[in-house]
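Notes for the structure review
Spelled out from the first residue to the last, the chains are:
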There are 2 protein chains.
Amino acid sequence: MRKVAIVGVGQTPVREHWESSLRDLAVTALRDAMDDAGTDTVDGVCVGNMLSGALSEQEHLGSLIVDYAGLDGVEGMKIEAACGSGAAAIRMAVKAVASGLMDTVGVVGVEKLTEFSGKYSTAALATAADADYETTMGLTFVGINALLMRRYMHEYKADKNDFSIFPVNAHQNAVHNPDAMFRYPITENQYINSKFIADPINLMDSSPIADGAAAVIVCAMENVSQFKGHPAAILACEVGTDTIALDNRKNPLWLRGVERSVKKAYYVSGLGPKDIDFFEVHDAFSIITALSLEASGFADKGKALQFASETGIGIKGGLPLTTCGGLKGRGHPVGATGVYQVVEAAKQIRGEVSEKIQVEKNNIAMAQNIGGSGATVITTILKKV
Amino acid sequence: MRKVAIVGVGQTPVREHWESSLRDLAVTALRDAMDDAGTDTVDGVCVGNMLSGALSEQEHLGSLIVDYAGLDGVEGMKIEAACGSGAAAIRMAVKAVASGLMDTVGVVGVEKLTEFSGKYSTAALATAADADYETTMGLTFVGINALLMRRYMHEYKADKNDFSIFPVNAHQNAVHNPDAMFRYPITENQYINSKFIADPINLMDSSPIADGAAAVIVCAMENVSQFKGHPAAILACEVGTDTIALDNRKNPLWLRGVERSVKKAYYVSGLGPKDIDFFEVHDAFSIITALSLEASGFADKGKALQFASETGIGIKGGLPLTTCGGLKGRGHPVGATGVYQVVEAAKQIRGEVSEKIQVEKNNIAMAQNIGGSGATVITTILKKV
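Residues numbered from 1 in each chain as written. Chains lettered and ligands numbered in written order. Predicted model: local features only at pLDDT ≥ 70, side-chain atom pairs only at ≥ 80, totals over all residues. Heavy atoms only, no water.

Description of the overall build of chain A
Let me state the cut-off plainly: Secondary structure elements follow DSSP: runs of H or I of four or more residues count as helices, runs of E of two or more count as strands, with numbering from the N terminus. Our radius of gyration looks at C-alpha atoms and nothing else; its globule reference is 2.2 Å times the residue count to the power 0.38. Burial classes follow relative accessibility: with a 1.4 Å probe on protein chains only, a residue under 20% of its type's maximum area counts as buried, one over 50% as exposed, and anything between as partly exposed. Note on contacts: a residue pair is in contact if any heavy atoms of the two residues lie within 4.5 Å. The method behind every accessible area is Shrake-Rupley, applied with a 1.4 Å probe, and residues are considered shielded solely by the protein chains displayed. For the charge count, each Lys or Arg is scored as positive and each Asp or Glu as negative, with His and the chain ends excluded. Lysine's charge is taken at NZ, arginine's at CZ, aspartate's at CG and glutamate's at CD.
Of regular secondary structure, chain A possesses 13 helices and 11 strands. For chain A, whose C-alpha radius of gyration is 19 Å, the value lies close to the compact-globule estimate of 21 Å for 385 residues. Taken along its principal axes, the extent of the C-alpha atoms in chain A is 55 × 45 × 40 Å. Every one of the 385 residues in chain A was classed for burial, and the buried ones make up 68%. By sequence separation, contacts in chain A at least 24 residues apart represent 78% of the contacts at least 6 residues apart. Looking at chain A as shown, the accessible area adds up to about 12600 Å², and 50% of this sits on carbon and sulfur atoms. If you average the places of the 35 positive and of the 44 negative side-chain charges in chain A, the two averages end up 5 Å apart.

Written out as structure tokens, the structure reads:
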């Protein structure tokens, strides 16, 4: 089994992209990553996407993107794992390269959500939940997360206002990321006065839907010298799953998918939570950040808010989170998000982000991409080479 | 890189499954394959599916099926490549096992199409085509294939009636496959008098939509003795792609995706067309069978019909095709079809199909699964162990 690395990264800004099609976005990010790596060819392309079929009436993205990227005839496939599709595609690329079946694989996560009315995008996003046991009852995806947040507040006597630490930090960092969607800070007061979407989740607890594409080039570690992009080693890219429906979980406040994924990632990398210099957490909702910090081994059960406040999650904190804005500040083009997270982690490791958000300790990065409310979790650990 | 094998197969009948949900079908096939292999666990599950999001409002099939199959927490992901999704999922499993990252992977292809009105399923199937340049013009997927067939008849002076050889053979074989949807023979005369769907494609040129699931268990060749299922070696499982839109192809009658896929498959297996004992061809439409025979190196350009008639494509012919009924006779649950093809090929190799359709030379099987009208092609070559 070969060791693998990332030698190229690319991304489009996260925006409402009214003038670019799905394929435009994907090809732009993919070719950017190839340029960054200094390569004109790849052996295959893994596409992370969730909703092109339901919203854009376009499945079959693998060969579509291969063709429009000018990669005549190479293997291309779409991988779907709800909002975890992006990192799931990276996982598939790792397998392809680790096996020796391919030397260089392009991964592109892409999603286009904003041109559809909220009715359609809300219904489409709910396909991440259990259609027969959750969605059919009228539960939306925000609703599911509201149940989790309410339960957390009840079980752990958590103060709703204390969740503000996550979105305030995310927006603060997004200010300095030119590709972020929301480049403005928010205050705790704005959080508190923000309107509810699904009580207790307010607008500032919830990441925005968005359009965008991000890409990485994965190659064998033994070949990194063939590329011009500065490499980042992939120490781990590991998957854990859980039941989709919340009511099937013994303890909905304990994300077993996260626990399984990070345990594997720590095991194969030989690292633990204390070794992680910064963490690109999947802050689709503030509650998910809290639950992820606990199941990933950073905070004790019910203590994520206290941990965040005591340890510090800002750029100079003990565990910087969402250093480029996270899902909340950068925006959440669902099937692309997992790739954005890894691109941002790689750029931090290379020292290529804006000075204001460059973390000082940038040796080991962890990025965690979550599908559904924890049913698919992919944890990637990168290391400076 | 490790060599890989199939040590378990399972499938549901191909039917209108009104009483089984998508997850029921998938879990039934997967557990059947695991029972056949004699294993209670797998390290991961690859799901081949095209349309669960658009039709069943259910994405995120990876963790859903893992959970309902009782495979608590293992990796599960969906792979989509239009009608090629099934074999694409097998390809992903091959990578996982070849890499050493996983020892045993379950692959399940599943699709549920018949409970939706034709309006929805026709639109959903058209997402395999190019949404911006084909579908938006009102072209359906059958329409695209009708263009190809008309062009073939014009270019090669082919007689429409001569295409009957493919569906007549498929139905003849389906009679003896208890899991096939259409277990009755048809005559050339019935073909000729069959009504048109999209001229020149008639009802007998076109495979039916259907519900069903099929599964295989992939393991490392070095581990086959740990399983009770009789193994079949996977000599090749290779992908070629092409443009999706027909108008972007230099010669629409030459399936470059097929050519690329089989060239790779022949190369890695060290075999050629003459070594193939029988061929599970992707007979979604009669025209695709003809074009596949040509681009796969069996027949010269424009000579597929002559080849079929002279060589013989029946069970005792020179190149038996669609030995268990093919897409036309067995039925075409799109994202599951590629797995059905490989299950049937493995059963032929094991000598486990009905006597009437058991091929005599069953050493080397080729199965070819096609997404779109040739934009994604996966060619799998199996060998008796």
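With respect to the packing of helix 4 (residues 85-98) of chain A against helix 13 (residues 334-350) of chain A
Residues and elements named next belong to chain A. Short version of the rule: The angle between two axes is taken between their N-to-C directions and runs from 0 to 180 degrees, where each axis is a line fitted to C-alpha atoms and a helix contributes only its stretch in contact. Residues are grouped as follows: Ala, Val, Leu, Ile, Met, Phe, Trp, Tyr, Cys and Pro are nonpolar; Asp, Glu, Lys and Arg are charged; all remaining types, including Gly, are polar.
Remark: helix 4 packs on helix 13, axes separated minimally by 5 Å, with the N-to-C direction vectors making an angle of 65 degrees. On helix 13, the residues touching S85, G86, A87 and I90 of helix 4 are G335, G338, V339 and V342. Within the contact of helix 4 with helix 13, the residues separate by chemical class into four nonpolar, four polar and no charged.

Quick word on the interface of chain B and chain A
Let me state the cut-off plainly: Once two parts are brought into contact, the accessible area they lose, counted with a 1.4 Å probe and summed over both, makes up the buried area. Salt bridges are counted wherever a side-chain nitrogen of Lys or Arg sits within 4 Å of a carboxyl oxygen of Asp or Glu. Counted as a polar contact is a pair of N or O atoms within 3.5 Å, where, for protein atoms, one must be capable of donating a hydrogen and the other of accepting one, and residues adjacent in sequence contribute only when both atoms are in side chains. DSSP calls a pair of strands paired once it identifies at least 2 bridges connecting them.
Facing 60 residues of chain B, the contacting portion of chain A comprises 60 residues. Between chain B and chain A, a total of about 4800 Å² is buried, with carbon and sulfur atoms accounting for 54% of that surface. For A:E75, the salt bridge goes to B:K95, with nearest N and O atoms at 2.8 Å. Counting the contacts that link chain B with chain A gives 32 residue pairs in polar contact (both at pLDDT 80 or more). Those elements giving two or more residues to the side of chain B that touches chain A turn out to be helix 2 (52-56), helix 3 (61-68), strand 3 (75-80), helix 4 (85-98), strand 8 (232-241), helix 9 (256-269) and strand 11 (376-384) of chain B. With seven residues, helix 4 of chain B is the single largest residue contributor to the side of chain B that touches chain A. Considering only residue class, the side of chain B that touches chain A consists of 26 nonpolar, 18 polar and 16 charged. Of the strand pairs in this sheet, strand 3 (residues 75-80) of chain A and strand 3 of chain B are connected by three bridges, and their pairing is antiparallel. Following the sheet pairing, A:E80 is matched in strand 3 of chain B by B:K78.

Looking at the nonpolar core
The cut-off we apply is this: Put simply, a nonpolar core is a bunch of buried Ala, Val, Leu, Ile, Met, Phe, Trp, Tyr and Cys residues held in one set by side-chain atoms that sit within 4.5 Å of each other.
Core analysis: the largest hydrophobic core is formed by 96 residues, its most contacted members being A:I79, A:V216, A:L382, B:I79, B:V216 and B:L382. If we skip the residues at most four places from it in the chain, B:I79 touches A:M77, A:K78, A:I79, A:M92, B:C46, B:V47, B:G48, B:N49, B:S85, B:A88, B:A89 and B:M92. Core analysis: the second largest hydrophobic core is formed by 64 residues, B:A198, B:A236, B:A265 and B:V377 among them.

Some points on the relation of the copies chain B and chain A
Basically, it comes down to this: To line up the copies, we fit them by least squares on C-alpha atoms, keeping just the residues with pLDDT of at least 70 in both.
By a simple turn and slide, chain B fits onto chain A: the slide is 0.0 Å along the axis, the RMSD is 0.0 Å, and the turn is 180 degrees. Both chain copies can therefore be described as sitting about a two-fold axis. When C-alpha distances to the rotation axis are compared across chain B, the minimum falls at B:S99, with a value of 1.7 Å. Looking at chain B, 100% of its interface residues are interface residues in chain A too, so the copies touch through the same face.

Concerning the layout of surface pockets
The condition is simple: Any residue with an atom within 4 Å of a point lines the site, the site being either a cavity, points on a 1 Å grid over the protein atoms alone where a 1.4 Å probe fits but cannot get out, or a pocket, an open set with protein on both sides within 12 Å along at least 5 of 7 lines. Grid points are joined across faces, edges and corners, and a volume is the space filled by probe spheres set on the points.
Estimates place the volume of the largest pocket at around 780 Å³. Of all the secondary-structure elements, those providing two or more residues to the lining of the largest pocket are helix 2 (52-56) and helix 5 (118-125) of chain A together with helix 2 and helix 5 (118-125) of chain B. For the lining of the largest pocket, the element with the highest residue contribution is helix 5 of chain A, accounting for five residues. By residue class, the composition of the lining of the largest pocket is 15 nonpolar, nine polar and three charged.

Comments concerning the packing of aromatic side chains
The geometry of an aromatic ring pair is captured by the separation of the ring centres together with the interplanar angle, meaning the angle of the planes. Formally: Stacked, tilted and edge-to-face are the three classes applied to pairs of Phe, Tyr and Trp rings, where Trp contributes its six-membered ring and a pair requires centres within 6.5 Å; stacked means planes under 30 degrees apart, edge-to-face means over 60, and tilted covers the rest. Distance and angle both matter: a charge sits over a ring if NZ of Lys or CZ of Arg is within 6 Å of the ring centre and within 35 degrees of the ring normal.
Under the criterion given, the structure shown has 10 aromatic pairs over all chains. Relative to A:Y156, the ring of A:Y152 lies with its centre 4.8 Å away and its plane at 75 degrees, an arrangement referred to as edge-to-face. Relative accessible area serves as the criterion here: at 0%, A:Y152 is assigned to the buried category. You can call A:Y156 partly exposed: its relative accessible area is 23%. Taken together, the ring pairs in this structure connect A:Y152, A:Y156 and A:F163 into an aromatic cluster. The ring of B:Y68 carries B:R23 above its face, with NZ or CZ at 4.6 Å from the centroid.

Observations concerning the domain arrangement of chain A
All names here are of chain A. So the rule is basically this: Residue ranges labeled as domains rest on an automatic or database domain assignment.
Under the domain assignment used here, chain A contains domain 1 (4-117 + 210-233) and domain 2 (129-209 + 236-384). One C-alpha centre belongs to domain 1, the other to domain 2; they are set 23 Å apart. Facing the 45 residues of domain 1 at the interface are 35 residues of domain 2. Together, Q11, V14 and C83 form the three largest contributors to the area buried by domain 1 at its contact with domain 2, with a combined 23%. Where domain 1 packs against domain 2, one counts two salt bridges. Note that R91 is salt-bridged to E238, the shortest N-O span being 3.7 Å. Connecting domain 1 to domain 2 are 14 residue pairs in polar contact (both at pLDDT 80 or more). Counting residues per element, the ones that place at least two in the side of domain 1 that touches domain 2 are strand 1 (4-11), helix 4, strand 4 (104-111), strand 7 (212-220) and strand 8 (232-241). For the side of domain 1 that touches domain 2, the per-class residue count stands at 25 nonpolar, 14 polar and six charged.

Some thoughts on the environment of B:G329
All names here are of chain B. Take G329: it is sitting in helix 12 (residues 326-330). Of the residues examined, G329 reaches a relative accessible area of 0% and is grouped as buried. Discounting residues that sit within four places of it in the chain, G329 has contacts with A170, A174, A180, M181 and F182.

Description of helix 5 of chain A
All names here are of chain A. In plain terms, the rule: By definition, the arc is the one covered by directions from the helix axis to the C-beta atoms.
All of the buried residues in helix 5 are S121, A124 and L125. All buried residues of helix 5 fall inside an arc of 95 degrees around its axis, so they share one side. As for helix 5, its buried residues are in contact with helix 2, helix 6 (141-155) and helix 13.

Things to note about the side chain of B:S269
Residue and element names in this part refer to chain B. For S269, the position within the fold is in helix 9. In terms of polar contacts, S269 uses its side chain to reach the backbone amide nitrogen of L271, at 3.3 Å. In this structure, S269 is in contact with L235, A236 and I381, ignoring residues within four places of it in sequence.

Some details on unusual backbone geometry
Of all residues except glycine, most have a negative phi; of all peptide bonds, most are trans. Across the junction of A:D199 and A:P200, the peptide omega takes the value 10 degrees, indicating a cis bond. With a phi close to 55 degrees, A:E57 is a non-glycine residue in the positive phi region. Within the secondary structure, A:E57 sits in the loop between helix 2 and helix 3 (61-68). Unusually for a residue other than glycine, B:A82 sits at a positive phi of about 55 degrees. Counting through the fold element by element, B:A82 comes out in the loop between strand 3 and helix 4.

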